[in-house]
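A look at the structure
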Amino acid sequence: MVVASPNPIGSEKLRAVEVPIIDLSARGPKVAELIVKASQEYGFFKVINHGVAEDLIRKMEEESFNFFGKPASEKKKAGPAQPFGYGCKNIGFNGDMGEVEYLLFNTNPHCISQRSETISNDPTKFSSAMSGYIQAVTHLACEVLDLMAEGLWVHDTSVFSSLITHLDSDSVFRLNHYPPPLKDRDTSPSSSFQIHHQGNNIGFGEHSDPQILTILRSNDVGGLQICLGDGVWVPVPPDPTSFCVNVGDLLQAMTNGRFVSVRHRALTNSDKPRMSMAYFGAPPLHALITSPPEMVTPERPSLYRPFTWAEYKEITYSLRLGDSRLNLFKACPDKEAQE
Ligand code: OGA
Ligand code: NI
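Residues numbered from 1 in each chain as written. Chains lettered and ligands numbered in written order. Predicted model: local features only at pLDDT ≥ 70, side-chain atom pairs only at ≥ 80, totals over all residues. Heavy atoms only, no water.

Overview of the overall build of the chain
- Each helix and strand in the chain was counted, giving 9 helices and 16 strands.
- Counting the 339 residues in the chain, one finds 53% classified as buried.
- For the chain, the proportion of contacts with a sequence separation of at least 24, taken over those separated by at least 6, is 72%.
- A total of about 15,500 Å² of accessible surface is found on the chain, and carbon and sulfur atoms cover 55% of it. (Helix = DSSP H or I, 4+ residues; strand = E, 2+ residues; numbered from the N terminus. Buried < 20%, exposed > 50% of the residue type's maximum accessible area, 1.4 Å probe, protein only. Contact = heavy atoms within 4.5 Å. Areas by Shrake-Rupley, 256 points an atom, 1.4 Å probe, with all protein chains shown as cover.)

Here we look at helix 4 (residues 109-119)
- Residues of helix 4 that are buried: I112, S116 and I119. The buried side chains of helix 4 occupy one side of the element, clustering within an arc of 65° when seen end-on. Facing away from the buried side of helix 4 by over 90 degrees, the exposed positions are H110, Q114 and E117.
- As for helix 4, its buried residues are in contact with helix 2 (54-68), strand 6 (96-106) and helix 5 (123-151).
- The N-terminus of helix 4 is capped by N108, whose side-chain oxygen sits 2.8 Å from the backbone nitrogen of H110. (Arc of directions from axis to C-beta. Polar contact = N/O pair within 3.5 Å; in protein donor to acceptor, adjacent residues only side chain to side chain.)

Structural notes on the pattern of salt bridges
- Summed over all chains, the structure comprises 18 salt bridges.
- Residue K125 is joined to E63 by a salt bridge in which the shortest nitrogen-to-oxygen separation is 3.3 Å. Of the two residues, K125 is situated in helix 5 and E63 in helix 2; the sequence distance between them amounts to 62 residues.
- Among the residues examined, E63 registers a relative accessible area of 6% and is labelled buried.
- Across the pair E311 and R305 runs a salt bridge, and its minimum N-O distance is 2.9 Å.
- Look at E311 and you get partly exposed, because its relative accessible area is 30%.
- One network of salt bridges, with partners in common, ties together D55, R58, K59 and E62. (Salt bridge = Lys/Arg side-chain N within 4 Å of Asp/Glu carboxyl O.)

Some thoughts on the packing of aromatic side chains
- Per the counting criterion, the structure on display carries 10 aromatic pairs.
- Aromatic rings pair up to connect F105, F126, Y133 and F173 into one cluster.
- When the ring centre of Y102 is taken as reference, the NZ or CZ atom of R174 above it lies at 4.2 Å.
- Lying over the aromatic face of W233, R265 brings its terminal NZ or CZ to 3.9 Å of the ring centre. (Phe/Tyr/Trp six-rings, centres within 6.5 Å; stacked < 30°, edge-to-face > 60°. Lys NZ or Arg CZ within 6 Å of the ring centre and 35° of its normal.)

Brief notes about the environment of P179
- Mapping P179 onto the fold places it in the loop between strand 7 (172-178) and strand 8 (201-207).
- Exposure remark for P179: the relative accessible area of 6% places this residue in the buried category.
- Between the alpha carbons of P179 and N269 there is a distance of 9.7 Å; along the sequence they are 90 residues apart.

A few points about the coordination of the nickel ion (ligand 2)
- Taken together, H207 (NE2), D209 (OD) and H264 (NE2) make up the full set of protein donors to the nickel ion (ligand 2), lying 2.1 to 2.2 Å away.
- The motif formed by the donor residues of the nickel ion (ligand 2), counted along the single chain, is H-x1-D-x54-H.
- By relative accessible area, H207 is classed as buried at 7%. (Donors = N, O, S within 2.8 Å, 3.2 Å for Na, K, Ca; no water.)

Some words on the side chain of S64
- Positionally, S64 belongs in helix 2.
- By relative accessible area, S64 is classed as buried at 0%.
- Beyond its immediate sequence surroundings of up to four residues, S64 is in contact with L175, M275 and M277.

Observations regarding the confidence of the model for the chain
- When pLDDT is averaged across the chain, the result is 90; 89% of the residues are at 70 or more.
- Note that pLDDT drops below 50 for residues 1-7; the model gives that stretch 17 contacts with residues more than four away or on any other chain.
- Here residues 194-198 scores under 50 on pLDDT; set against residues more than four positions off or in separate chains, the count is 11 contacts. (pLDDT = per-residue confidence, 0-100.)

Side note on the pairing of strand 14 (residues 274-281)
- Burial analysis of strand 14 places 8 of its 8 residues in the buried class, which makes it a mostly covered element.
- Note: strand 7 against strand 14, 7 bridges, orientation antiparallel. Across the sheet, N176 pairs through a bridge with S276, a residue of strand 14. (Pairing = 2+ DSSP bridges.)

Some remarks on the side chain of S171
- Structurally, S171 can be placed in the loop between helix 6 (161-165) and strand 7.
- Reaching out from S171, the side chain makes a polar contact with the side chain of S169 at a distance of 2.8 Å.
- In this structure the side chain of S171 is engaged in a polar contact, spanning 3.0 Å, whose partner is the backbone nitrogen of A282.
- For S171, the residues in contact, after removing those within four places along its chain, are F105, N106, T107, I164, Y279, F280, G281 and A282.

Below, the structure is given as structure tokens:
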């Protein structure tokens, strides 16, 4: 750990902290323990030797760059992004903005092939790259979730993963493209990305992911930062060979607050375009979100009331990107004041 330094965004502090790196080649009780520790302390870790074929990653990245390299007018044909499709700068429904353009998909194979029509000149190639990638990262997410359950001594080790493998799972996939700050880019009035000052810009503002688990991979360009409890931001060094895993709000609820849904953001601070691909594992809309019995004890009573993902999603959509939502689902709202 080094001394905190001023962050060009506002007056916040940055700190160089080594985020946990978990080697999945040695799956077993020790790895399960390390994953639980990282999820409790950071809500975030990187996985290496994850078993996702390089070829699948390369094909997906290639397809994404092909799409984002198209003229703005072409890309707009795949929009708007609410609920799914192409979005530029606008994030969500309530006026949040960032220096990002993105494609948002439901991971259902039927939705993917339908969407591909407006995205690629070769829709079959695009949807096959995406289905292959999604299948592989879903598998990875399940392995991680099973290890989490194991490390938490939850008897039913598929209690979390069965939600995201459910036929009606509401999982989503997002391709984020962060163009580099101006300089040698298109400055014509028709360009979507015009006025930037040099240096750090907010690409994707501070938030937590509402789902269960996020599996994120980026190219070799930095920008992702996670927020520690004390409000200090930690830059996550890019590593295209690893995946970043982060705990979502629902997993915080299902672990009865033992795991933390980490707040994070992405900055555009490089000369090179950044591309990230994020898979968000989510349950079916009507799944009831509760903690497995092992997570609730007399000393550790239920922190949150049971709720459905549909209910949670509705609240999330009604709030701003950076708003906290989980505290609206506390079992005893009165207790909040004492905490
Ligand atoms: C997201 C997100 C960060 C990134 O899409 O939810 O946090 O690095 N993205 O692109
Ligand atoms: Ni996120």
